[in-house]
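# Close look at the chain arrangement
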Amino acid sequence: MKYGVRNSLTASVTSVKKGDIMSQVECRLEGAGTLSSVLTTDSLEDLKLKEGDRVVLLVKAIHVIPVKE
């Protein structure tokens, strides 16, 4: 399947916090750092995500706002 996303990062799922409606998935990036994703619990269950899974994180933002302090 093709995606309209140009930014992708390989990661491992480090934790899953499952809620009634929404869930949070924490991932450790291959390079350094972590990213967190919030998705519906239905989507979490459809993907069958669990700790230790290898995933590709697709990053799509509609706004990028640079700030200089």
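For the structure, check the block above.
These figures come from a predicted structure and were not determined experimentally.

This brings us to the overall build of the protein. What the protein contains, in helices and strands, is one helix and four strands. Dimensions of the protein, computed from C-alpha atoms along their principal axes, come out at roughly 40 × 30 × 25 Å. A total of 69 residues make up the protein; the buried ones form 19% of that total. Residue pairs in contact within the protein that sit at least 24 positions apart in sequence constitute 43% of those at least 6 positions apart. Carbon together with sulfur atoms contributes 53% to the accessible area of the protein, which is approximately 5,800 Å² in total.

Residue Lys48 is not a glycine yet carries a positive backbone phi of 55°. The topology assignment puts Lys48 in the loop between α1 (41–47) and β4 (54–59). Look at Lys48 and you get exposed, because its relative accessible area is 65%.

On to the nonpolar core, then. Counting residues in each nonpolar core, the largest one holds nine residues, listed as Ala11, Val13, Val25, Cys27, Leu29, Leu39, Leu44, Val55 and Leu57. Every element with two or more residues in this core is listed here: β1 (7–18), β2 (22–29) and β4. Broken down by element, this core gets its largest block of residues, three residues, from β2. Residues within four places of Ala11 in sequence aside, it is in contact with Cys27, Arg28, Leu29, Glu30, Asp53, Arg54, Val55 and Leu57.

Reading the values: the criteria
- Residues numbered from 1 in each chain as written.
- Predicted model: local features only at pLDDT ≥ 70, side-chain atom pairs only at ≥ 80, totals over all residues.
- Heavy atoms only, no water.
- Helix = DSSP H or I, 4+ residues; strand = E, 2+ residues; numbered from the N terminus.
- Buried < 20%, exposed > 50% of the residue type's maximum accessible area, 1.4 Å probe, protein only.
- Contact = heavy atoms within 4.5 Å.
- Areas by Shrake-Rupley, 256 points an atom, 1.4 Å probe, with all protein chains shown as cover.
- Core = buried A, V, L, I, M, F, W, Y, C linked by side-chain atoms within 4.5 Å.

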